[in-house]
Amino acid sequence: MNTTLTAIRAGLARGRIELRQTFTNSQDLWNYLFPTVVFLVVMIFMRNATVPGTNFSLGARTMPSVLGMVVAFGGLVNLMMALTVEREDGTLLRAKAIPNGMLGYLVGKIVLVSGMTLISLVIVLVPSLFILDGLAVGDLGSWLTLAWVLLLGLVATLPLGAVFGSLFSNPRNMGVIMLPVMGLIATSGIFYPITSFPGWLQGIAQVFPIYWLGLGMRSALLPDGMAAVELGGSWRHLETLGVLGVWAAVGLVVAPIILRRMARRESGANMEARRQRALQRVT
Amino acid sequence: MIVASELGQSTSGAEPAREAAMIDVRGLRMRYGSVDVLKGVEFTVRRGEVLTLLGPNGAGKTTIIEILEGFRMRSAGEVRVLGVDPAKGDEQWRARLGVVLQSWRDHGKWRVGELLHHLGSYYVPYSTPERRRPHDVGELIEAVGLGEHADQKIASLSGGQRRRLDVAVGLVGRPELLFLDEPTAGFDPHARRDFHDLVHRLSDLEDTTILLTTHDLDEAEKLADRILILADGRIIADGSADVLARRVSRDAEVRWSRDGEHFVHATPDATGFVRELFAQYGEEIADLEVRRTSLEDTYMSLVRQFESGQAEAAVREFEEASR
């Protein structure tokens, strides 16, 4: 039997098991539900405001943008968290000690994080369909667009999560990366159209995946007329593909190198040192 | 010095057997920055042997074991594990090893059986007719004494139960060579005895070669066919507990009582002394006890000195005592 295939299959099983575990403990359930409730409340409050220059509900415009953010956040932050935490607690070292264990581990993490992202997306999307008016969800095209944006978004952000997760050895230092991410969300036109921001800020936002994920999701779920109030007056699908594609390509080249370097350096002594540091913080 | 004489004998006789050695280490050196942690370590482990690496904390035991496991690059020296340089070991090689790690809180949400089953599944393609891989999970759980906890979440296990799980994880691929780093840390005496039984069973029934580290001499004596004492980056003694004990202490302590009075006498020739004792007093002698000044006494003084920073003096003294 092919050993790589075995490890991939084990990784898929691993992802399924860990995804199922997220439904059986309060911490994970809270992590699903809390942001969802916050987003829904925000959208309800924004429901009666309108997008500048239109009479379209700002809440309905925010919803797809939030989905884009959920994808970016899910891919980047969840994987990053998992890698740093599980490096500290020894999960990775265990994976390293078994044949093809690292491959299985990584496949499992990708399945888990993708699954978690999908779930987070669905639990925001479904109630929104009942609360918000004006969404264009009647035709298959909307859902196909949503699907490719989701998929490309994950491919673009998961490798970044893997890279950052490998670089940070202490889970408590992740604020360093979380703050810029938060700033980026604020400037990426998620909660308010980017068109009202100064040009240089628009420029910065358009370098990163979050803006394009929001735009892609809006293109899927908003009526075509709403493209008029986007930058360039269009959904810019080609540009979305281009920018997310470049991030994905760069990530897929860089991530394996960084991951391999991180995995090579994992040892019991390193883990023990981290453990000691963590215990010192506790006491 | 023990090392020299012992190695001199064994290598000359066992040169062809080096091929079949499970572990072969020559001139192993490790340097962190400007500190030499290992200064030329040499040893061989034969198939089926249980070998203990004994030494004070900080002697470099974990460094050696991690080099052998392929988790750490060495500075210099030649190392072969199952005939392969661990720095270049592939997954095929890895599948033949069992590594028992110090765990902490990983896989807390998993259930015991679930995790073993999952980790075992990686070994399926490495199964051979002689060695079916992976281990049957049910049997394995029983063997490490976690039978009642198979469906329990790992986060809810006690420290000792967790350690048993670590051992089970190390065994799930039915390894030919098993590494155990401080396996009984945090065990209560009962769990410790169970664990010792398990190690004996593994080496007898499964033909598993075992290398374990400990700083506990008592454990080393109970478990190992052979003990290597590591201090100051070198192996300062190599032999069975019995051989080491004899080397370390020529003097034995003889205790007896006569007419309700108790006596103690130290002598290098306990047998001769006791013979004379009986010749002289015959049936008046009671409560006879002959005890060698244990390896433990000597080892403990080594550890004490080592910990107070007098590593070299400690090693010299130990070698003096065991000459």
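Cut-offs applied
Residues numbered from 1 in each chain as written. Chains lettered and ligands numbered in written order. Predicted model: local features only at pLDDT ≥ 70, side-chain atom pairs only at ≥ 80, totals over all residues. Heavy atoms only, no water. Buried < 20%, exposed > 50% of the residue type's maximum accessible area, 1.4 Å probe, protein only. Helix = DSSP H or I, 4+ residues; strand = E, 2+ residues; numbered from the N terminus. Pairing = 2+ DSSP bridges. Right-handed = clockwise from strand over helix to strand, strands pointing away. Domains from an automatic or database assignment. Contact = heavy atoms within 4.5 Å. Buried area = accessible area lost by both parts, 1.4 Å probe. Salt bridge = Lys/Arg side-chain N within 4 Å of Asp/Glu carboxyl O. Polar contact = N/O pair within 3.5 Å; in protein donor to acceptor, adjacent residues only side chain to side chain. Nonpolar A, V, L, I, M, F, W, Y, C, P; charged D, E, K, R; others polar. Phe/Tyr/Trp six-rings, centres within 6.5 Å; stacked < 30°, edge-to-face > 60°. Lys NZ or Arg CZ within 6 Å of the ring centre and 35° of its normal. Lys, Arg positive; Asp, Glu negative; His and termini not counted.

### Quick word on the pairing of strand β6 (residues 177–181) of chain B
Residue and element names in this part refer to chain B. Among the 5 residues in β6, 5 count as buried, and that is most of the element. Across the two faces of β6 the burial is the same, with Leu177, Phe179 and Asp181 and Leu178 and Leu180 all buried. Bridge count between strand β5 (residues 97–100) and β6: 4 bridges; the pairing is parallel. When the bridges of β6 are listed, Val99 appears paired with Phe179. Of the pairings in the sheet, the one linking β6 to strand β7 (residues 209–214) comprises 5 bridges and is parallel in character. Residue pairing across strands places Leu178 opposite Ile210, the latter belonging to β7. Chirality of the crossover, the property in question, places the unit of β6, helix α7 (residues 189–205) and β7 among those that are right-handed.

### Concerning the domain arrangement of chain B
All names here are of chain B. Once the domains are mapped, chain B shows domain 1 (2–244) and domain 2 (249–321). The interface of domain 1 with domain 2 comprises 17 residues on the first partner and 12 residues on the second. Summing both partners gives a buried area of about 1200 Å² for domain 1 against domain 2, and 74% of it is carried by carbon and sulfur. Broken down residue by residue, the surface that domain 1 buries against domain 2 is led by Pro56, Leu217 and Ile236, which jointly contribute 40%. Our count for the contact surface shared by domain 1 and domain 2 stands at 0 salt bridges. The tally of links from domain 1 across to domain 2 stands at 0 residue pairs in polar contact (both at pLDDT 80 or more). Take the side of domain 1 that touches domain 2: its biggest share by element is 3 residues, from strand β9 (residues 234–239). The residue inventory of the side of domain 1 that touches domain 2, partitioned by class, reads 10 nonpolar, 4 polar and 3 charged.

### Regarding the packing of aromatic side chains
Summed over the entire model, instances satisfying the criterion amount to 6 aromatic pairs over all chains. One Lys or Arg, B:Arg258, reaches over the ring of B:Tyr281 and ends 3.8 Å from the middle of that ring.

### Focus on the side chain of A:Arg61
Residues and elements named next belong to chain A. Structurally, Arg61 can be placed in helix α3 (residues 58–88). Within the buried core, Arg61 has no salt-bridge partner, and the shortest N-O distance to an opposite charge, that of Glu230, equals 4.7 Å. Polar side-chain contacts of Arg61 include one of 2.9 Å to the backbone oxygen of Gly189. Setting aside its immediate chain neighbours within four residues, Arg61 contacts Val51, Phe56, Gly189, Ile190, Phe191, Tyr192, Pro193, Arg218 and Leu222.

### Some words on the interface of chain B and chain A
Across the contact, 28 residues belong to chain B and 38 residues belong to chain A. For the pair chain B and chain A, the summed buried surface comes to about 3100 Å²; carbon and sulfur atoms form 59% of the total. The interface formed by chain B and chain A contains 5 salt bridges. Note that B:Asp166 is salt-bridged to A:Arg94, the shortest N-O span being 2.7 Å. For the pair chain B and chain A, the interface holds 14 residue pairs in polar contact (both at pLDDT 80 or more). Those elements that place two or more of their residues in the side of chain B that touches chain A are α3 (91–94), α4 (112–121) and α6 (159–171) of chain B. Tallying contributions element by element places α4(B) first for the side of chain B that touches chain A, with 4 residues.

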